[in-house]
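Tertiary structure, described
Residues per chain are reported as follows:
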Amino acid sequence: MKNVFRVSILAMLSMLAISCGTTQTASEALVENEFRNDVYKEIVNDQAKFMEFMNVVHNSKEADSWLLKDHMQMMESGKVMEIMKANPEMQTKMKKMVQNKMESDPEMQMMMMNKMKAKMMEDPAMKETMMQNMHAEMKANPEKAEMMMDEMIQFLHENPAMMDKMRAKMSAHQAEMEKQQKADNKKKQ
């Protein structure tokens, strides 16, 4: 009986010593690549854990800025657009969210407009595509077209030099259209 008691005590002490020796901090455990990758996969593949992780990220200013920087790089590389093409519902939500943010934050609106303007100047094909998209959107949504025209008129009132350029361009365009109409009428007769 004494031997059984001694063996039990010895086993308990051994287990206690072994368990005390295997404790690691999170940073020590994450040094191991395989373990770290397993943790990442577990978080990414479980929506609840992922959302919990994102809450932790958003509560850290440093982590939140890293996330924003990564998001900007993804947008500039076109990866976000690829993801959005595969998920139209997300695309609609993102457009709505960005639009709401832009309407509520004039500083962000100005920053985005300046970025778009710079990109359009660099890439004429992008400029043409954006103009086509804008025209299609205006045709599909007359209320939005009306709002955009009001904003354009307000912009022109605030910038008299631009207003003069616009008037000159419209006069030239009007003269060209009248010429075209006369030519069309002569062809019909």
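Note that the coordinates shown come from a computational prediction; the quantities given were computed from them, not determined experimentally. (Residues numbered from 1 in each chain as written. Predicted model: local features only at pLDDT ≥ 70, side-chain atom pairs only at ≥ 80, totals over all residues. Heavy atoms only, no water.)

Another aspect to go through is the overall build of the chain. Each helix and strand in the chain was counted, giving 11 helices and zero strands. Considering only contacts within the chain whose residues lie at least 6 apart along the sequence, 7% involve residues at least 24 apart. (Helix = DSSP H or I, 4+ residues; strand = E, 2+ residues; numbered from the N terminus. Contact = heavy atoms within 4.5 Å.)

Contact geometry for helix H8 (residues 106–122) and helix H9 (residues 124–140): axes closest at 5 Å, N-to-C directions at 120°. Between H8 and H9, the angle falls in the class oblique. Mapping the contact onto sequence places Met116, Lys119, Met120 and Glu122 in H8 and Pro124, Met126, Lys127 and Met130 in H9. Classifying every residue of the contact of H8 with H9 gives five nonpolar, no polar and three charged. (Axes fitted to C-alpha atoms, helices over the stretch in contact; angles between N-to-C directions. Parallel < 35°, antiparallel > 145°, perpendicular 65-115°, else oblique. Nonpolar A, V, L, I, M, F, W, Y, C, P; charged D, E, K, R; others polar.)

Okay, the packing of helix H10 (residues 142–158) against helix H11 (residues 160–188) next. Closest axis-to-axis distance for the H10/H11 pair is 5 Å, and the angle between their directions is 115°. Contact with H10, carried on its side by Phe155, Leu156, His157 and Glu158, involves Pro160, Met162, Met163 and Met166 of H11 and no other residues of that element. Here the residues of the contact of H10 with H11 sort into six nonpolar, one polar and one charged.

Turning to the environment of Leu67, a few remarks are in order. The residue Leu67 is located in helix H5 (residues 61–77) in this model. Leu67 gets classed as partly exposed once you look at its relative accessible area, which sits at 31%. C-alpha separation for the pair Leu67 and Val57, spaced 10 residues apart in sequence, amounts to 8.1 Å. For Leu67, the contacting residues outside a window of four places in its chain are Met54, Val57 and His58. (Buried < 20%, exposed > 50% of the residue type's maximum accessible area, 1.4 Å probe, protein only.)

Enumeration according to the criterion identifies five salt bridges in this entry. Ionic pairing is found between Asp46 and Lys49, a salt bridge with its closest N-O pair at 3.9 Å. Judged by relative accessible area, Asp46 falls into the partly exposed class, the value being 26%. Residue classification places Lys49 among the partly exposed positions, given a relative accessible area of 36%. Linking Lys93 and Glu89 is a salt bridge whose minimum nitrogen-to-oxygen distance equals 3.9 Å. Separated by four residues within a single helix, Lys93 and Glu89 lie in helix H7 (residues 88–104), roughly one turn from each other. One network of salt bridges, with partners in common, ties together Glu42, Asp46 and Lys49. (Salt bridge = Lys/Arg side-chain N within 4 Å of Asp/Glu carboxyl O.)

So, on to a nonpolar patch on the surface. Among the surface-exposed residues, Met152, Phe155, Met162, Met166 and Met170 lie close enough to one another that they form a single nonpolar patch of about 460 Å² accessible area. Breaking the nonpolar patch down by element, the ones donating at least two residues are H10 and H11. For the nonpolar patch, the element with the highest residue contribution is H11, accounting for three residues. With respect to the secondary-structure elements, Phe155 resides in helix H10. Look at Phe155 and you get partly exposed, because its relative accessible area is 37%. (Patch = residues over 30% accessible without salt bridge, like charges linked within 9 Å, V, L, I, M, F, W, Y side chains within 5 Å. Areas by Shrake-Rupley, 256 points an atom, 1.4 Å probe, with all protein chains shown as cover.)

Another aspect to go through is a negative patch on the surface. On the surface, a cluster of negative charge is made up of Glu103, Glu146, Asp150 and Glu151. Counting residues per element, the negative patch draws most heavily on H10, at three residues. By the secondary structure assignment, Asp150 is in helix H10. Look at Asp150 and you get partly exposed, because its relative accessible area is 45%. (Lys, Arg positive; Asp, Glu negative; His and termini not counted. Charge placed at Lys NZ, Arg CZ, Asp CG, Glu CD.)

No statement about biological role is implied by the geometric values presented.
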